[in-house]
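Residues per chain, in single letters:
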Amino acid sequence: MKPIVHGLEAKYGDRIGFVYLSVDDPNTDSLKQALGFRYMPYFVLLDGDGNILQQWAGPVTEAEFATAFDTALAP
């Protein structure tokens, strides 16, 4: 997943903030719990107000992410 996510960050990083949370970091446990983290890989797309727009658990294709990102960024 890393090459896909980093490629998307290069493409969308000027419009979407990418944040990476470590499963092993206890300092982020409350945020992971609030976002519904269950297992790796786990991805969450939030709007500017912190509302969950979409969540993915397990592997995701670049096309699936791009569709969700483009929808979220549409005027």
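Structure shown above.
Residues numbered from 1 in each chain as written. Predicted model: local features only at pLDDT ≥ 70, side-chain atom pairs only at ≥ 80, totals over all residues. Heavy atoms only, no water.

## Describing the overall build of the chain
Working step 1: The number of helices and strands found in the chain is three helices and two strands.
Working step 2: Order of helices (α) and strands (β) in the chain, N terminus to C terminus: α-α-β-β-α.
Working step 3: Taking 2.2 N^0.38 as the reference for a compact globule, 75 residues should give roughly 11 Å; the C-alpha atoms of the chain span a radius of gyration of 12 Å, in line with that estimate.
Working step 4: With respect to the principal axes defined by its C-alpha atoms, the chain has extents near 35 × 30 × 20 Å. (Helix = DSSP H or I, 4+ residues; strand = E, 2+ residues; numbered from the N terminus. Rg over C-alpha atoms; globule rule 2.2 N^0.38 Å.)

## Digging into the layout of surface pockets
Sizing a probe to match a water molecule and rolling it over the atoms shows the empty space that remains.
Working step 1: Taken as a whole, the largest pocket encloses approximately 970 Å³ of empty space.
Working step 2: Together, 33 residues line the largest pocket, and Val19, Tyr20, Tyr42, Phe43 and Val44 are the ones closest to its centre.
Working step 3: Per-element accounting of the lining of the largest pocket gives the leading share, five residues, to strand S1 (residues 42–46).
Working step 4: Residue composition of the lining of the largest pocket, grouped by class: 25 nonpolar, four polar and four charged. (1 Å grid on protein atoms, 1.4 Å probe; cavity = no way out; pocket = protein on both sides within 12 Å on 5 of 7 lines; lining within 4 Å. Points joined across faces, edges and corners; volume = space filled by probe spheres on them. Nonpolar A, V, L, I, M, F, W, Y, C, P; charged D, E, K, R; others polar.)

## Description of the pattern of salt bridges
It is possible for side chains of opposite charge to pair when their charged atoms get near one another.
Working step 1: Counted according to the given criterion, the structure contains two salt bridges.
Working step 2: Among the ionic pairs, Arg15 bridges to Asp14, the shortest N-O distance being 3.6 Å.
Working step 3: Given the relative accessible area of 48%, Arg15 is considered partly exposed.
Working step 4: Asp14 gets classed as exposed once you look at its relative accessible area, which sits at 66%.
Working step 5: Between Asp29 and Lys32 there is a salt bridge, with the nearest N and O atoms lying 3.2 Å from each other. Here Asp29 and its partner Lys32 are both found in helix H2 (residues 29–35), three residues apart, which amounts to about one turn of the helix.
Working step 6: Judged by its relative accessible area of 7%, Lys32 falls in the buried class. (Salt bridge = Lys/Arg side-chain N within 4 Å of Asp/Glu carboxyl O. Buried < 20%, exposed > 50% of the residue type's maximum accessible area, 1.4 Å probe, protein only.)

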